[in-house]
Amino acid sequence: MKKEVKYSSINIKNNMKFNNQFLVAYFKITSECMLCCPFCSQGKNIKRTININDAKKVLDKLKKMGIKTITYTGGEPLIFKYLKQLLEYGKSLGFEQIIVTNGILLNAIDSTLFQYINGIGISLHGDEFVHDRVVAKKGVYKQVESNIDYVLKKYPNIVLNINCTLTKDNSNYDNMKYLTDFAKKRNIRLCFGRLNYIGLSETKNIINPDEYLSNVYNLSKE
């Protein structure tokens, strides 16, 4: 049974070192997700979600703090029951709003949600074989690839970003080159992110950054 909670921590990223102004807040609105990636930072999938009234109070607080951009995360934020209501409220407060998603539901959600979204970060960890292995579910890659192209075609004003979490399973040069070409072909941004050793990945997938930083460097030159 899903449990609504009355508190959600606020994770704020300071991107403006020269004036010490907070700009971006990462807001985890639910821990629910249809996947169970072995490197997930949230740990075991506890079915908890914030209730809408408290979520709006969080946005009010962030507005007073001078936050400009809200990045909604999870779990999988697209399964949050009150997402449209929350996005509507966030837009009324003047926030730029970004969704970080596994990409599976992008063609299935209420299409009116896209009018409140400025950007979408979509998880993609490699080619079909690698991605499906990394997320431990067959067929996910094809869904994500199709939905990326769907959003690009139907909502060209939304900024897309591919997010790849690097583990021992996908940090080889060939796989990273595949993702680079995938993003370049579609003229969208690509972010290689380091693994956080918390949650399910606390004792797994330990990787030395030297194993992939040279790949990042070489690919960036290309």
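Rules used throughout
Residues numbered from 1 in each chain as written. Predicted model: local features only at pLDDT ≥ 70, side-chain atom pairs only at ≥ 80, totals over all residues. Heavy atoms only, no water. Salt bridge = Lys/Arg side-chain N within 4 Å of Asp/Glu carboxyl O. Helix = DSSP H or I, 4+ residues; strand = E, 2+ residues; numbered from the N terminus. Buried < 20%, exposed > 50% of the residue type's maximum accessible area, 1.4 Å probe, protein only. Phe/Tyr/Trp six-rings, centres within 6.5 Å; stacked < 30°, edge-to-face > 60°. Lys NZ or Arg CZ within 6 Å of the ring centre and 35° of its normal. Core = buried A, V, L, I, M, F, W, Y, C linked by side-chain atoms within 4.5 Å. Contact = heavy atoms within 4.5 Å. Axes fitted to C-alpha atoms, helices over the stretch in contact; angles between N-to-C directions. Parallel < 35°, antiparallel > 145°, perpendicular 65-115°, else oblique. Left-handed = near helix turned anticlockwise from the far one by under 90°. Nonpolar A, V, L, I, M, F, W, Y, C, P; charged D, E, K, R; others polar.

How do you make sense of the pattern of salt bridges when you look at a structure like this?
Opposite charge on two side chains permits pairing when their charged atoms draw close. All chains considered together, the criterion is met by seven salt bridges. Sharing partners across several salt bridges, the network here consists of Glu145, Asp149 and Arg186.

Quick question: what am I supposed to make of unusual backbone geometry here?
Leaving glycine aside, a negative phi is the common case for residues, and trans is the common case for peptide bonds. Of the consecutive residues Gly74 and Gly75, the connecting peptide bond is found in the cis state with omega at 25°. Examined against the element boundaries, Gly75 turns out to sit in the loop between strand 5 (69-73) and helix 2 (83-92). The backbone of Ala136 shows a phi angle near 60°, a positive value even though the residue is not glycine. Relative to the helices and strands, Ala136 resides in the loop between helix 3 (128-134) and helix 4 (140-154). Given a relative accessible area of 55%, Ala136 falls into the exposed group. Even without glycine at this site, Asn187 takes up a positive phi of about 55°.

I would appreciate a short explanation of the packing of aromatic side chains in the present structure.
The relative placement of two aromatic rings is captured by the distance of their centres and the angle of their planes. Enumeration according to the criterion identifies five aromatic pairs in this entry. Relative to Tyr155, the ring of Phe114 has its centre 4.0 Å away and its plane inclined at 15°; by these criteria the two rings are stacked. Remark: Tyr155 occurs in the loop between helix 4 and strand 8 (159-165) and Phe114 occurs in the loop between strand 6 (96-101) and strand 7 (119-123); sequence separation between them is 41 residues. The residues Phe114 and Tyr155 share a single accessibility class, namely buried. Here Tyr178 and Phe182 contribute two aromatic rings whose centre-to-centre distance is 6.4 Å and whose plane-to-plane angle is 40°, an arrangement assigned as tilted. Taken as a pair, Tyr178 and Phe182 lie in helix 5 (residues 173-186) at a separation of four residues, close to a single helical turn. Across the ring face of Phe95, the terminal group of Lys63 is positioned such that the distance to the ring centre comes to 5.7 Å.

Help me understand the nonpolar core, please; the structure alone is not making it clear to me.
As a rule of thumb, soluble globular proteins bury nonpolar side chains together. Ranked by internal contacts, the top residues of the largest apolar core, which has 56 residues, are Phe27, Leu59, Ile70, Tyr72 and Ile120. If near-sequence neighbours (up to four positions away) are discounted, Tyr72 is found in contact with Phe27, Ile29, Leu59, Pro77, Leu86, Leu87, Gly90, Gln97, Ile98, Ile99 and Val100.

When you look at the packing of helix 1 (residues 52-64) against helix 2 in this model, what are you seeing that I'm missing?
Two quantities define a packed helix pair, namely the angle between the helix axes and the distance between the axes. Axis separation between helix 1 and helix 2 bottoms out at 10 Å; the angle between their running directions is 20°. Taken as axis vectors, helix 1 and helix 2 run roughly parallel relative to one another. Where helix 1 crosses over helix 2, the two elements pack in a sense that is right-handed. The residues of helix 2 that touch helix 1, namely those facing Ile52, Ala55, Lys56, Leu59 and Asp60, are Gln85, Leu86, Tyr89 and Gly90. Considering only residue class, the contact of helix 1 with helix 2 consists of five nonpolar, two polar and two charged.

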